[in-house]
Amino acid sequence: QVQLVESGGGLVQAGGSLRLSCAASGLTFSLYAMGWFRQAPGKEREFVAAITRSGGSKPYPDSVKGRFTIFRDNPKNTVYLQMNSLKAEDTAVYYCAAPGRNMVPTTDAYDYQYWGQGTQVTVSS
């Protein structure tokens, strides 16, 4: 079955950087767009970034634009989220997700079929 496993979360000071990884298995990775979402306590799940099968990214939301970058390594079946200049408001559980096969990436969590278990990112101010 499809598995998405995130890693790379942790505690970082404001202004610091983290790189999240999401390793995929059970699917032909190159045929799937991928996305990253996050959810802070008491808040709805929020779109962070998405990437097409060939590596093009969707526009980032204003909250992370210029600081976060999504990229993928198809031979390694892995998608990454590079997070720079982290702020306290970036604190959340970060999830990677995949929509159905050959589907284009969207910003709507309901369009994503497969989800990882999440990795906690905590930014101290």
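This text follows the structure it describes.
Anyway, here's the lowdown on the structure attached to this text. All of these numbers come straight from a predicted model, not from anything done at the bench.

So, unusual backbone geometry
Thought 1: The backbone of N77 sits at a positive phi, close to 55°, despite the residue not being glycine.
Thought 2: Examined against the element boundaries, N77 turns out to sit in the loop between β6 (68-73) and β7 (78-83).
Thought 3: Take N77: its relative accessible area is 28%, and that puts it in the partly exposed class.
Thought 4: A positive phi is found at S85, a non-glycine position, where the angle reads about 50°.
Thought 5: Looking at the element boundaries, S85 is found in the loop between β7 and β8 (92-99).
Thought 6: The exposure class assigned to S85 is partly exposed, which follows from its relative accessible area of 41%.

Concerning the state of the cysteines
Thought 1: This structure, assessed with the given rule, holds one disulfide.
Thought 2: Disulfide pairing places C22 opposite C96 at an S-S distance of 1.9 Å. Taking the torsion about the S-S bond as the criterion, the C22 to C96 disulfide, at about 45°, is right-handed. Of the two residues, C22 is situated in strand β3 (residues 18-25) and C96 in strand β8; the sequence distance between them amounts to 74 residues. Comparing C22 with C96, the two get one shared label, buried.

Section: the sheet that holds β7
Thought 1: Spatially, four strands are ordered β1-β3-β7-β6 in an open sheet, and the strand pairing comes out antiparallel. Looking at which strands have only one partner, the edges of the open sheet turn out to be β1 (3-7) and β6. Strand-to-strand twist across the sheet, computed as the mean angle between neighbouring axes with direction ignored, equals 15°.
Thought 2: Relative to β3, β1 runs antiparallel, the two being bridged by five bridges. Each bridged residue has a counterpart across the sheet, and for S7 the counterpart in β3 is S21.

Cut-offs and rules
Residues numbered from 1 in each chain as written. Predicted model: local features only at pLDDT ≥ 70, side-chain atom pairs only at ≥ 80, totals over all residues. Heavy atoms only, no water. Helix = DSSP H or I, 4+ residues; strand = E, 2+ residues; numbered from the N terminus. Buried < 20%, exposed > 50% of the residue type's maximum accessible area, 1.4 Å probe, protein only. Disulfide = S-S within 2.5 Å. Pairing = 2+ DSSP bridges. Axes fitted to C-alpha atoms, helices over the stretch in contact; angles between N-to-C directions.

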